[in-house]
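Residue-level listing of the chains:
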Amino acid sequence: MIFSVASGGGRRHFERNEMINTAAALEEIRAAPTQSEKNLRAASLLMALFRAAGWEMVVVGGSAIEFYTEGDYLTMDLDLCRALGTKPLPARVEADVMKAVGAQPVGTRRQWLLDALGEVTIDLLGEVETVGVAPWQTLQGPYGAVRLMPVEELLVERTFMAVLREPRDEEAWTAAKQLAAVCLSGEVPADWGKVERIAAGKEYGVAAAVRRLRKEVTRENKKNK
Amino acid sequence: VKTKKISEPEIVWTWKEWMDSRARRGELSQAVAGKGKARRSINPSQDKLKARLARRSTATR
């Protein structure tokens with residue numbers, strides 16, 4: 001299938017080297033052995049299609065956590081935001097991209113179901129919000145680059161979500177611990193100094209909680225060795 | 001994994017690097033997940049969405 005999308009004033013067809021074989025990609029997504037890999041491949045395909053239409057997207061929230069921690073934290077949605085500084089996505093472009101992969105809208109133009117992903121919905125959110133201190137991580141995916149929210153910021157945001165509630169939200173705390181574990185081990189490149197800086201900043205103000213999180217993860221890692 | 005500093009710094013993974021580190025990342029994250037491991041963050045609107053889809057497909061038959 002040749003993907004074409006409305007771009008600017010008219011319908012633009014892409015040259016051969018820009019073609020995205022959506023049918024083959026969807027087959028590979030269906031055949032992927034885990035839900036996490038299906039989601040990751042779908043993110044790569046969708047981001048490539050949006051990129052071809054002129055919009056750069058990023059993976060945020062639980063979906064980004066799932067990718068960094070490799071599937072233990074499984075979300076039921078694939079959260080995509082527009083990259084910083086991009087203009088709003090016209091409904092027509094969203095619909096063209098979703099139509100290209102055979103996704104169906106679920107009540108709103110921002111939420112779609114793709115049969116290759118089972119019950120996981122594709123959520124198209126607004127422009128990404130970031131404190132902009134830590135680097136983005138980009139995975140060169142099978143159909144195109146997948147840009148992930150900086151892991152340092154995700155970690156602080158999830159810690160913040162955990163301690164907002166009284167008693168603590170254990171699901172959010174566990175997700176933060178899982179992110180901390182992959183970062184502290186060096187398996188995912190992360191700058192802990194930046195984690196602490198973001199945590200101490202006025203945006204979140206959870207420096208003490210992040211210190212507790214690090215201690216807890218370090219202690220458990222020692223125990224598990 | 002390379003770090004490049006252009007106008008906006010980013011860390012770039014190849015697909016192979018990512019896939020090769022999957023098992024290790026999975027182990028590390030599961031090791032600290034404790035008794036609540038393999039948790040799923042269920043979108044609370046999921047059931048409503050499914051019901052809405054089912055109604056819609058029935059209506060269009």
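Just so you know, these numbers come straight off a predicted model, no measurement behind them.

Engineer: Can you help me understand the overall build of chain A in this one?
Structural biologist: Counting its regular elements, chain A contains eight helices and 10 strands. In terms of C-alpha radius of gyration, chain A reaches 19 Å, essentially the compact-globule figure of 17 Å for 225 residues. In terms of its C-alpha atoms, chain A occupies a principal-axis envelope of roughly 55 × 35 × 35 Å. Across the 225 residues that make up chain A, the buried fraction comes to 57%.

Engineer: Before we go on, may I ask you to explain the pairing of strand S5 (residues 77–82) of chain A in this structure?
Structural biologist: Taken residue by residue, a regular strand's side chains alternate between the two faces of the sheet. All names here are of chain A. Where burial is concerned, most of S5 is hidden: six out of the six residues are buried. Residue alternation in S5 divides its side chains into two sets, Asp-77, Asp-79 and Cys-81 and Leu-78, Leu-80 and Arg-82, and both sets are buried. Where strand S3 (residues 57–59) meets S5, three bridges bridge the pair, whose relative direction is antiparallel. From the neighbouring strand, Met-57 faces S5, where its bridge partner is Arg-82. Of the pairings in the sheet, the one linking S5 to strand S8 (residues 121–127) comprises five bridges and is parallel in character. Opposite Leu-80, over in S8, you have Leu-124 as the bridge partner.

Engineer: Hey, could you run me through the packing of helix H7 (residues 192–200) of chain A against helix H8 (residues 207–224) of chain A in this one?
Structural biologist: Each pair of packed helices can be summarised by the angle the axes make with each other and by the distance between the axes. All names here are of chain A. Two elements in contact, H7 and H8, have axes whose closest approach is 7 Å; the angle formed by their N-to-C orientations is 145°. Contact with H7, carried on its side by Trp-192, Val-195, Glu-196, Ala-199 and Ala-200, involves Ala-207, Val-210 and Arg-214 of H8 and no other residues of that element. Across the contact of H7 with H8, the residue classes break down as six nonpolar, no polar and two charged.

Engineer: In this structure, what is going on with H7 of chain A? I would like to understand it.
Structural biologist: Since the α-helix packs 3.6 residues into each turn, any two residues three or four apart lie on the same face. All names here are of chain A. Listing the buried residues of H7 in full gives Trp-192, Val-195, Ile-198 and Ala-199. Down the axis of H7, the buried side of the element spans an arc of 120°, and every buried residue falls inside it. Opposite the buried face of H7, at more than 90 degrees from it, the exposed residues are Arg-197 and Ala-200. Of the surrounding elements, those touching the buried residues of H7 are helix H5 (151–164), helix H6 (170–184) and H8.

Engineer: Is there a simple way to explain unusual backbone geometry in this structure?
Structural biologist: Excluding glycine, most residues fall at negative phi; most peptide bonds, likewise, are trans. The peptide bond linking Glu-166 of chain A to Pro-167 of chain A adopts the cis configuration, its omega dihedral lying at 0°. By the secondary structure assignment, Pro-167 of chain A is in the loop between H5 and H6.

Engineer: Explain the state of the cysteines to me, please; I cannot follow it from the model alone.
Structural biologist: What we call a disulfide is simply a covalent bond connecting the sulfur atoms of a pair of cysteines. Overall, the coordinates contain zero disulfides over all chains when judged by the stated rule. With no disulfide of its own, Cys-81 of chain A lies 20 Å from the sulfur of Cys-183 of chain A, the closest cysteine sulfur.

Engineer: Honestly, the packing of helix H2 (residues 35–52) of chain A against helix H4 (residues 91–100) of chain A in this entry has me stumped. Any pointers?
Structural biologist: Residue and element names in this part refer to chain A. Interhelical geometry of H2 versus H4 gives an angle of 135° and a closest axis separation of 10 Å. Taken together, the axes of H2 and H4 are oblique relative to one another. At the point where H2 passes H4, the crossing takes the right-handed sense. Here Leu-46, Leu-49 and Phe-50 of H2 come into contact with H4, specifically with Glu-94, Val-97, Met-98 and Ala-100. Among the residues forming the contact of H2 with H4, the class breakdown is six nonpolar, no polar and one charged.

Cut-offs used in this document
- Residues numbered from 1 in each chain as written.
- Chains lettered and ligands numbered in written order.
- Predicted model: local features only at pLDDT ≥ 70, side-chain atom pairs only at ≥ 80, totals over all residues.
- Heavy atoms only, no water.
- Helix = DSSP H or I, 4+ residues; strand = E, 2+ residues; numbered from the N terminus.
- Rg over C-alpha atoms; globule rule 2.2 N^0.38 Å.
- Buried < 20%, exposed > 50% of the residue type's maximum accessible area, 1.4 Å probe, protein only.
- Pairing = 2+ DSSP bridges.
- Axes fitted to C-alpha atoms, helices over the stretch in contact; angles between N-to-C directions.
- Contact = heavy atoms within 4.5 Å.
- Nonpolar A, V, L, I, M, F, W, Y, C, P; charged D, E, K, R; others polar.
- Arc of directions from axis to C-beta.
- Disulfide = S-S within 2.5 Å.
- Parallel < 35°, antiparallel > 145°, perpendicular 65-115°, else oblique.
- Left-handed = near helix turned anticlockwise from the far one by under 90°.

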